[in-house]
Amino acid sequence: MYKKLFLLLLISSLLLTSCNDKYKFKFDSPRKITINQPLKVTVKEVNGKKIDKITYFLDGIELSNPSQIDISGKRLGKHVLKAVVSYEGKEAKLNNTILFLAGKAPTVYDFTLVNTYPHDRGAYTQGLEFHNGFLYESTGRKGQSSLRKVDLKTGKVLQQIAVPSQYFAEGMTIYKDKVYQLTWQSKLGFVYNLSDFKQLKTFSYQQSKEGWGLTHDNKKLIKTDGTEKVWFLDPETLKEIGFIEAYTNKQPVKDLNELEYIEGKIYANVWQKNIILILNHTNGAIEGIIDLSKLEKIIRASQSLEPNDDVLNGIAYDEKTKRLFVTGKHWGKLFEIKIFERK
(Lines give C-alpha, C1' and ligand atoms only; values in the text may rest on other atoms or scores of the structure.)
Protein backbone atom coordinates (compact mmCIF):
# COMPACT_ATOMS: atom_id res chain seq x y z
CA MET A 1 0.00 0.00 0.00
CA TYR A 2 2.70 2.51 1.06
CA LYS A 3 4.93 1.38 -1.81
CA LYS A 4 2.12 2.09 -4.33
CA LEU A 5 1.44 5.50 -2.79
CA PHE A 6 5.16 6.38 -2.88
CA LEU A 7 5.35 5.28 -6.53
CA LEU A 8 2.35 7.43 -7.46
CA LEU A 9 3.83 10.48 -5.69
CA LEU A 10 7.17 9.94 -7.45
CA ILE A 11 5.53 9.71 -10.90
CA SER A 12 3.44 12.85 -10.22
CA SER A 13 6.56 14.72 -9.12
CA LEU A 14 8.44 13.71 -12.24
CA LEU A 15 5.54 14.72 -14.49
CA LEU A 16 5.23 18.09 -12.74
CA THR A 17 8.96 18.69 -13.07
CA SER A 18 8.81 17.75 -16.73
CA CYS A 19 5.91 20.17 -17.38
CA ASN A 20 7.62 22.98 -15.52
CA ASP A 21 10.84 22.40 -17.48
CA LYS A 22 9.06 22.81 -20.82
CA TYR A 23 9.52 26.21 -22.45
CA LYS A 24 6.52 27.93 -23.99
CA PHE A 25 7.04 31.12 -26.01
CA LYS A 26 4.63 33.86 -27.01
CA PHE A 27 5.54 35.92 -30.09
CA ASP A 28 3.62 39.21 -29.98
CA SER A 29 3.25 41.34 -33.12
CA PRO A 30 0.27 43.12 -34.71
CA ARG A 31 -1.59 41.33 -37.49
CA LYS A 32 -1.62 44.55 -39.53
CA ILE A 33 -0.17 48.03 -39.18
CA THR A 34 -0.02 51.27 -41.19
CA ILE A 35 3.50 52.17 -42.29
CA ASN A 36 3.44 55.56 -40.54
CA GLN A 37 3.59 53.75 -37.20
CA PRO A 38 6.67 52.15 -35.62
CA LEU A 39 6.47 48.37 -35.42
CA LYS A 40 7.13 46.71 -32.06
CA VAL A 41 7.63 42.97 -31.57
CA THR A 42 8.35 40.92 -28.45
CA VAL A 43 8.90 37.32 -27.42
CA LYS A 44 8.16 36.14 -23.87
CA GLU A 45 8.41 32.82 -22.09
CA VAL A 46 4.95 32.38 -20.56
CA ASN A 47 6.26 30.72 -17.38
CA GLY A 48 8.91 33.35 -16.78
CA LYS A 49 11.81 31.07 -17.67
CA LYS A 50 15.15 32.51 -18.67
CA ILE A 51 15.83 33.34 -22.33
CA ASP A 52 19.46 33.73 -23.34
CA LYS A 53 19.05 35.61 -26.60
CA ILE A 54 16.40 36.65 -29.16
CA THR A 55 17.22 37.60 -32.74
CA TYR A 56 14.46 39.14 -34.87
CA PHE A 57 14.12 39.17 -38.67
CA LEU A 58 11.79 40.91 -41.11
CA ASP A 59 11.60 39.14 -44.48
CA GLY A 60 14.88 37.41 -43.67
CA ILE A 61 16.76 40.60 -42.72
CA GLU A 62 17.97 40.90 -39.13
CA LEU A 63 16.46 43.74 -37.09
CA SER A 64 18.77 45.81 -34.92
CA ASN A 65 16.07 47.45 -32.77
CA PRO A 66 12.91 45.30 -32.49
CA SER A 67 11.28 47.67 -30.00
CA GLN A 68 11.16 50.51 -32.58
CA ILE A 69 11.15 49.26 -36.19
CA ASP A 70 10.83 51.92 -38.88
CA ILE A 71 8.66 50.46 -41.68
CA SER A 72 7.88 53.74 -43.47
CA GLY A 73 9.98 52.74 -46.48
CA LYS A 74 8.61 49.21 -46.84
CA ARG A 75 6.31 48.02 -49.60
CA LEU A 76 2.74 47.32 -48.59
CA GLY A 77 1.24 43.87 -48.25
CA LYS A 78 2.16 40.65 -46.47
CA HIS A 79 5.51 40.33 -44.69
CA VAL A 80 7.10 37.64 -42.51
CA LEU A 81 8.46 38.22 -39.00
CA LYS A 82 10.79 35.66 -37.50
CA ALA A 83 12.24 35.30 -34.00
CA VAL A 84 15.10 32.93 -33.18
CA VAL A 85 15.11 32.23 -29.42
CA SER A 86 18.20 30.78 -27.69
CA TYR A 87 17.73 29.03 -24.32
CA GLU A 88 19.57 26.28 -22.40
CA GLY A 89 21.78 25.55 -25.41
CA LYS A 90 18.70 25.09 -27.61
CA GLU A 91 17.02 27.18 -30.29
CA ALA A 92 13.37 27.84 -31.12
CA LYS A 93 12.19 29.49 -34.34
CA LEU A 94 8.92 31.44 -34.28
CA ASN A 95 7.12 33.01 -37.27
CA ASN A 96 4.32 35.56 -37.62
CA THR A 97 2.84 37.21 -40.70
CA ILE A 98 1.90 40.87 -40.79
CA LEU A 99 0.16 43.19 -43.25
CA PHE A 100 1.66 46.62 -43.96
CA LEU A 101 -1.02 49.17 -44.91
CA ALA A 102 -0.86 52.69 -46.36
CA GLY A 103 -0.16 55.45 -43.89
CA LYS A 104 -3.31 57.42 -44.74
CA ALA A 105 -6.59 57.19 -46.62
CA PRO A 106 -6.48 57.97 -50.36
CA THR A 107 -7.42 61.41 -51.67
CA VAL A 108 -10.62 61.39 -53.76
CA TYR A 109 -10.63 63.25 -57.08
CA ASP A 110 -13.43 64.45 -59.33
CA PHE A 111 -13.00 65.58 -62.93
CA THR A 112 -14.00 68.19 -65.46
CA LEU A 113 -14.66 67.20 -69.06
CA VAL A 114 -12.29 69.03 -71.42
CA ASN A 115 -12.94 67.37 -74.81
CA THR A 116 -14.83 64.47 -76.31
CA TYR A 117 -13.51 62.48 -79.28
CA PRO A 118 -15.03 59.66 -81.36
CA HIS A 119 -13.97 56.11 -80.48
CA ASP A 120 -14.66 52.86 -82.33
CA ARG A 121 -17.60 51.11 -80.65
CA GLY A 122 -16.29 47.83 -81.97
CA ALA A 123 -13.12 48.16 -79.93
CA TYR A 124 -13.05 46.05 -76.78
CA THR A 125 -10.37 48.29 -75.28
CA GLN A 126 -7.69 46.50 -73.27
CA GLY A 127 -4.74 48.86 -73.59
CA LEU A 128 -4.37 52.51 -74.60
CA GLU A 129 -1.37 54.80 -75.02
CA PHE A 130 -0.65 58.23 -76.55
CA HIS A 131 2.62 58.45 -78.48
CA ASN A 132 3.92 61.15 -80.86
CA GLY A 133 0.48 62.59 -81.56
CA PHE A 134 -1.40 59.33 -82.04
CA LEU A 135 -3.31 56.84 -79.91
CA TYR A 136 -2.22 53.23 -79.87
CA GLU A 137 -4.78 50.67 -78.75
CA SER A 138 -4.92 46.98 -77.94
CA THR A 139 -8.34 45.36 -78.30
CA GLY A 140 -9.43 42.02 -76.87
CA ARG A 141 -11.59 38.93 -77.24
CA LYS A 142 -10.60 35.82 -79.15
CA GLY A 143 -11.00 36.28 -82.87
CA GLN A 144 -11.35 40.06 -82.45
CA SER A 145 -8.07 41.04 -80.81
CA SER A 146 -5.91 43.63 -82.54
CA LEU A 147 -3.19 46.24 -82.26
CA ARG A 148 -4.08 49.65 -83.68
CA LYS A 149 -2.78 53.13 -84.41
CA VAL A 150 -5.63 55.63 -84.16
CA ASP A 151 -6.14 59.28 -85.08
CA LEU A 152 -7.18 61.08 -81.90
CA LYS A 153 -9.49 63.70 -83.43
CA THR A 154 -11.39 61.46 -85.83
CA GLY A 155 -11.13 58.07 -84.13
CA LYS A 156 -10.10 56.61 -87.50
CA VAL A 157 -7.95 53.49 -87.39
CA LEU A 158 -4.81 54.33 -89.38
CA GLN A 159 -2.92 51.07 -88.97
CA GLN A 160 -3.96 47.69 -87.62
CA ILE A 161 -2.90 44.08 -87.30
CA ALA A 162 -4.98 41.16 -86.08
CA VAL A 163 -3.76 39.06 -83.17
CA PRO A 164 -4.00 35.30 -83.91
CA SER A 165 -7.52 34.12 -83.10
CA GLN A 166 -6.49 31.74 -80.32
CA TYR A 167 -5.33 34.70 -78.20
CA PHE A 168 -7.29 37.22 -76.11
CA ALA A 169 -5.18 40.39 -76.27
CA GLU A 170 -4.82 42.62 -73.22
CA GLY A 171 -2.71 45.65 -72.24
CA MET A 172 0.04 47.26 -74.31
CA THR A 173 2.78 49.85 -74.00
CA ILE A 174 5.41 51.50 -76.21
CA TYR A 175 9.03 51.45 -75.06
CA LYS A 176 12.08 52.38 -77.15
CA ASP A 177 10.30 52.10 -80.52
CA LYS A 178 8.82 48.72 -79.70
CA VAL A 179 5.24 47.80 -78.82
CA TYR A 180 4.71 45.26 -76.04
CA GLN A 181 1.32 43.54 -75.91
CA LEU A 182 -0.06 41.04 -73.40
CA THR A 183 -2.52 38.20 -73.76
CA TRP A 184 -4.95 37.29 -71.02
CA GLN A 185 -4.62 33.64 -69.97
CA SER A 186 -2.14 32.28 -72.50
CA LYS A 187 0.87 33.47 -70.44
CA LEU A 188 2.30 34.96 -73.62
CA GLY A 189 3.23 38.45 -74.76
CA PHE A 190 4.18 39.89 -78.15
CA VAL A 191 6.85 42.41 -79.12
CA TYR A 192 6.37 44.45 -82.32
CA ASN A 193 8.29 47.03 -84.27
CA LEU A 194 6.51 50.35 -83.67
CA SER A 195 6.66 51.65 -87.23
CA ASP A 196 5.11 48.71 -89.08
CA PHE A 197 3.75 46.43 -86.31
CA LYS A 198 5.99 43.61 -87.48
CA GLN A 199 6.21 40.97 -84.77
CA LEU A 200 9.77 40.66 -83.47
CA LYS A 201 9.44 38.05 -80.74
CA THR A 202 7.27 36.65 -77.97
CA PHE A 203 7.80 36.34 -74.23
CA SER A 204 6.21 34.30 -71.45
CA TYR A 205 5.04 35.18 -67.94
CA GLN A 206 6.99 33.47 -65.19
CA GLN A 207 5.46 34.49 -61.86
CA SER A 208 2.45 36.67 -62.62
CA LYS A 209 -0.85 34.84 -63.00
CA GLU A 210 -2.27 36.43 -66.15
CA GLY A 211 -1.85 39.39 -68.49
CA TRP A 212 -4.04 42.44 -67.80
CA GLY A 213 -2.53 45.94 -67.94
CA LEU A 214 0.86 47.18 -69.14
CA THR A 215 2.87 50.43 -68.99
CA HIS A 216 6.47 51.49 -68.25
CA ASP A 217 8.45 54.01 -66.21
CA ASN A 218 11.27 54.51 -68.76
CA LYS A 219 13.31 51.86 -66.94
CA LYS A 220 11.04 48.85 -66.41
CA LEU A 221 7.81 47.50 -67.85
CA ILE A 222 4.93 47.52 -65.35
CA LYS A 223 2.27 44.81 -65.50
CA THR A 224 -0.94 43.79 -63.71
CA ASP A 225 -2.32 40.26 -63.52
CA GLY A 226 -5.85 40.76 -62.16
CA THR A 227 -4.82 40.61 -58.51
CA GLU A 228 -3.62 43.41 -56.22
CA LYS A 229 -0.07 42.89 -57.49
CA VAL A 230 1.75 45.21 -59.87
CA TRP A 231 4.77 43.51 -61.44
CA PHE A 232 8.01 45.05 -62.71
CA LEU A 233 9.65 43.44 -65.76
CA ASP A 234 13.17 43.80 -67.06
CA PRO A 235 12.65 45.26 -70.58
CA GLU A 236 15.54 43.23 -71.99
CA THR A 237 14.79 39.77 -70.57
CA LEU A 238 11.06 40.44 -69.99
CA LYS A 239 11.26 38.50 -66.73
CA GLU A 240 9.45 39.63 -63.57
CA ILE A 241 12.00 41.19 -61.23
CA GLY A 242 9.74 42.39 -58.41
CA PHE A 243 6.29 43.62 -57.49
CA ILE A 244 4.29 45.96 -55.30
CA GLU A 245 0.75 45.43 -53.99
CA ALA A 246 -2.07 47.97 -54.06
CA TYR A 247 -3.33 48.77 -50.55
CA THR A 248 -5.26 51.54 -48.89
CA ASN A 249 -4.90 52.19 -45.17
CA LYS A 250 -7.46 49.42 -44.63
CA GLN A 251 -7.33 46.75 -47.34
CA PRO A 252 -5.97 45.56 -50.69
CA VAL A 253 -7.67 46.37 -53.98
CA LYS A 254 -7.74 43.53 -56.51
CA ASP A 255 -8.67 43.37 -60.22
CA LEU A 256 -6.14 46.02 -61.24
CA ASN A 257 -6.45 46.37 -64.99
CA GLU A 258 -5.23 48.87 -67.63
CA LEU A 259 -2.27 51.03 -66.59
CA GLU A 260 -0.59 54.35 -67.34
CA TYR A 261 2.54 55.84 -65.78
CA ILE A 262 1.94 59.54 -65.14
CA GLU A 263 4.32 61.97 -63.44
CA GLY A 264 5.92 59.29 -61.25
CA LYS A 265 2.65 57.57 -60.28
CA ILE A 266 0.90 54.45 -61.59
CA TYR A 267 -2.69 55.05 -62.72
CA ALA A 268 -4.78 51.88 -62.78
CA ASN A 269 -8.27 50.97 -63.91
CA VAL A 270 -10.11 48.51 -61.69
CA TRP A 271 -12.17 45.88 -63.52
CA GLN A 272 -15.91 46.73 -63.47
CA LYS A 273 -15.37 49.86 -61.35
CA ASN A 274 -15.84 53.45 -62.48
CA ILE A 275 -12.65 54.56 -60.79
CA ILE A 276 -8.96 55.01 -61.50
CA LEU A 277 -6.46 54.41 -58.72
CA ILE A 278 -3.31 56.48 -58.29
CA LEU A 279 -0.58 54.24 -56.86
CA ASN A 280 2.72 55.02 -55.22
CA HIS A 281 5.28 53.56 -57.59
CA THR A 282 7.58 52.42 -54.78
CA ASN A 283 5.40 50.86 -52.09
CA GLY A 284 1.97 50.32 -53.71
CA ALA A 285 0.02 52.74 -51.51
CA ILE A 286 -3.24 53.88 -53.10
CA GLU A 287 -2.73 57.61 -52.80
CA GLY A 288 -5.70 58.70 -54.88
CA ILE A 289 -9.02 57.52 -56.30
CA ILE A 290 -10.52 59.28 -59.33
CA ASP A 291 -14.32 58.98 -59.39
CA LEU A 292 -15.41 58.65 -63.04
CA SER A 293 -18.95 57.39 -62.44
CA LYS A 294 -20.39 60.39 -64.31
CA LEU A 295 -18.73 59.24 -67.53
CA GLU A 296 -20.83 56.09 -67.65
CA LYS A 297 -23.96 58.26 -67.46
CA ILE A 298 -22.69 60.34 -70.38
CA ILE A 299 -22.04 57.22 -72.46
CA ARG A 300 -25.41 55.68 -71.61
CA ALA A 301 -27.14 58.78 -72.93
CA SER A 302 -25.88 57.93 -76.44
CA GLN A 303 -25.58 54.14 -76.48
CA SER A 304 -26.51 50.98 -74.61
CA LEU A 305 -23.87 49.13 -72.60
CA GLU A 306 -23.61 45.44 -71.81
CA PRO A 307 -23.74 45.25 -67.99
CA ASN A 308 -20.45 44.27 -66.30
CA ASP A 309 -18.69 44.01 -69.67
CA ASP A 310 -18.75 47.35 -71.50
CA VAL A 311 -16.94 49.04 -68.65
CA LEU A 312 -14.45 51.83 -68.07
CA ASN A 313 -11.01 50.72 -69.31
CA GLY A 314 -8.27 52.65 -71.05
CA ILE A 315 -5.96 55.43 -69.84
CA ALA A 316 -3.61 57.46 -72.03
CA TYR A 317 -1.47 60.51 -71.23
CA ASP A 318 0.09 63.15 -73.46
CA GLU A 319 3.23 64.01 -71.51
CA LYS A 320 3.99 67.13 -73.57
CA THR A 321 0.63 68.84 -73.12
CA LYS A 322 -0.38 67.10 -69.86
CA ARG A 323 -3.61 65.82 -71.39
CA LEU A 324 -5.32 62.81 -69.78
CA PHE A 325 -7.56 60.56 -71.92
CA VAL A 326 -9.92 57.78 -70.81
CA THR A 327 -12.41 55.48 -72.51
CA GLY A 328 -14.11 52.10 -72.06
CA LYS A 329 -14.78 48.78 -73.73
CA HIS A 330 -17.11 49.31 -76.72
CA TRP A 331 -17.52 52.97 -75.76
CA GLY A 332 -18.28 55.25 -78.70
CA LYS A 333 -16.47 58.17 -77.10
CA LEU A 334 -13.02 58.92 -75.74
CA PHE A 335 -12.77 61.67 -73.14
CA GLU A 336 -10.10 64.19 -72.28
CA ILE A 337 -10.47 65.02 -68.59
CA LYS A 338 -8.82 67.15 -65.95
CA ILE A 339 -8.90 65.95 -62.36
CA PHE A 340 -9.16 67.98 -59.18
CA GLU A 341 -9.27 67.14 -55.50
CA ARG A 342 -12.75 66.68 -54.05
CA LYS A 343 -13.54 69.21 -51.34
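Provided above is the structure to which this section pertains.
Conventions we followed
Residues numbered from 1 in each chain as written. Predicted model: local features only at pLDDT ≥ 70, side-chain atom pairs only at ≥ 80, totals over all residues. Heavy atoms only, no water. 1 Å grid on protein atoms, 1.4 Å probe; cavity = no way out; pocket = protein on both sides within 12 Å on 5 of 7 lines; lining within 4 Å. Points joined across faces, edges and corners; volume = space filled by probe spheres on them. Helix = DSSP H or I, 4+ residues; strand = E, 2+ residues; numbered from the N terminus. Pairing = 2+ DSSP bridges. Phe/Tyr/Trp six-rings, centres within 6.5 Å; stacked < 30°, edge-to-face > 60°. Buried < 20%, exposed > 50% of the residue type's maximum accessible area, 1.4 Å probe, protein only. Lys NZ or Arg CZ within 6 Å of the ring centre and 35° of its normal. Axes fitted to C-alpha atoms, helices over the stretch in contact; angles between N-to-C directions. Contact = heavy atoms within 4.5 Å.

Novice: Teacher, can you tell me more about the layout of surface pockets here?
Specialist: A water-sized probe rolled over the atoms picks out the places where empty space is left. There is about 540 Å³ of room inside the largest pocket. Around the largest pocket, the lining is made up of 21 residues, and of these Phe 130, His 131, His 216, Tyr 317 and Glu 319 lie nearest the centre. Among the elements of the structure, β9 (125-131), β13 (169-175), β17 (214-216), β21 (256-262) and β25 (312-318) are those that each provide at least two residues to the lining of the largest pocket. Considering only enclosed or pocket space, the second largest pocket measures out at about 340 Å³ in volume.

Novice: Looking at this model, I keep getting lost on the pairing of strand β27 (residues 333-341). Mind explaining?
Specialist: Judged from the nine bridges that link them, strand β8 (residues 107-118) and β27 form a sheet pairing that is antiparallel. Opposite Asn 115, over in β27, you have Glu 336 as the bridge partner. Where strand β26 (residues 323-328) lies against β27, three bridges are found, and the strand directions are antiparallel. Counted as the bridge partner of Leu 324 is Ile 337 from β27. Once β26 ends, the chain turns through four residues before running back antiparallel as β27, passing His 330 with a positive phi of about 65°.

Novice: Hey, could you run me through the packing of aromatic side chains in this one?
Specialist: Here a ring pair, both rings aromatic, is described through the centre-centre distance and the interplanar angle of the planes. Applying the stated criterion across every chain, the model contains 14 aromatic pairs. Ring centres 6.2 Å apart and planes at 65° place the aromatic pair Tyr 117 and Phe 325 in the edge-to-face group. Of this pair, Tyr 117 sits in strand β8 while Phe 325 is found in strand β26, placing the two residues 208 residues apart along the sequence. Each member of the pair, Tyr 117 as well as Phe 325, is classed as buried. By way of ring pairs, the aromatic residues Tyr 23, Phe 25 and Tyr 87 are connected into one cluster. Here the basic side chain of Lys 149 rests over the ring of Phe 134, its NZ or CZ set 4.2 Å away from the ring centre. Sitting over the ring of Phe 232, Lys 220 keeps its end group 5.5 Å from the ring centre.

Novice: Quick question: what am I supposed to make of the sheet that holds β17 here?
Specialist: Pairing between the strands of a sheet is mediated by backbone hydrogen bonds and can be parallel or antiparallel. Read across the open sheet, the four strands follow the order β17-β18-β19-β20; overall the sheet is antiparallel. In the strand order of this sheet, the two ends are held by β17 and β20 (240-245), each with one partner. Within this sheet the neighbouring strands show an average axis-to-axis angle of 25°, counted without direction. Judged from the four bridges that link them, strand β18 (residues 221-224) and strand β19 (residues 229-233) form a sheet pairing that is antiparallel. Looking at the pairing, Ile 222 lines up with Phe 232 of β19.

Novice: It is not clear to me how unusual backbone geometry should be interpreted in this structure. Could you clarify?
Specialist: Glycine aside, negative phi is the norm for most residues, and most peptide bonds take the trans geometry. At Asn 218, a residue that is not glycine, the phi angle is positive and equals roughly 75°. Counting through the fold element by element, Asn 218 comes out in the loop between β17 and β18. The phi angle at Asn 308 is positive, at roughly 65°, despite the residue not being glycine. Turning to its location among the elements, Asn 308 is positioned in the loop between α2 (293-300) and β25. Judged by relative accessible area, which is 54%, Asn 308 ranks as exposed.

Novice: Please explain the sheet that holds strand β22 (residues 265-270) as it appears in this structure.
Specialist: Spatial ordering of the open sheet is given by β21-β22-β23-β24-β8-β27-β26-β25, a layout of eight strands whose pairing is mixed. The sheet is open, and its two borders are formed by β21 and β25, each paired with just one other strand. In this sheet, neighbouring strand axes are inclined to one another by 30° on average, regardless of whether the strands run parallel or antiparallel.

Novice: Is there a simple way to explain the environment of Thr 97 in this structure?
Specialist: Mapped onto the elements of the fold, Thr 97 is located in strand β7 (residues 90-101). Residues Thr 97 and Lys 78, spaced 19 residues apart in sequence, show a C-alpha to C-alpha distance of 6.8 Å. For Thr 97, the contacting residues outside a window of four places in its chain are Pro 30, Arg 31, Lys 78 and His 79.

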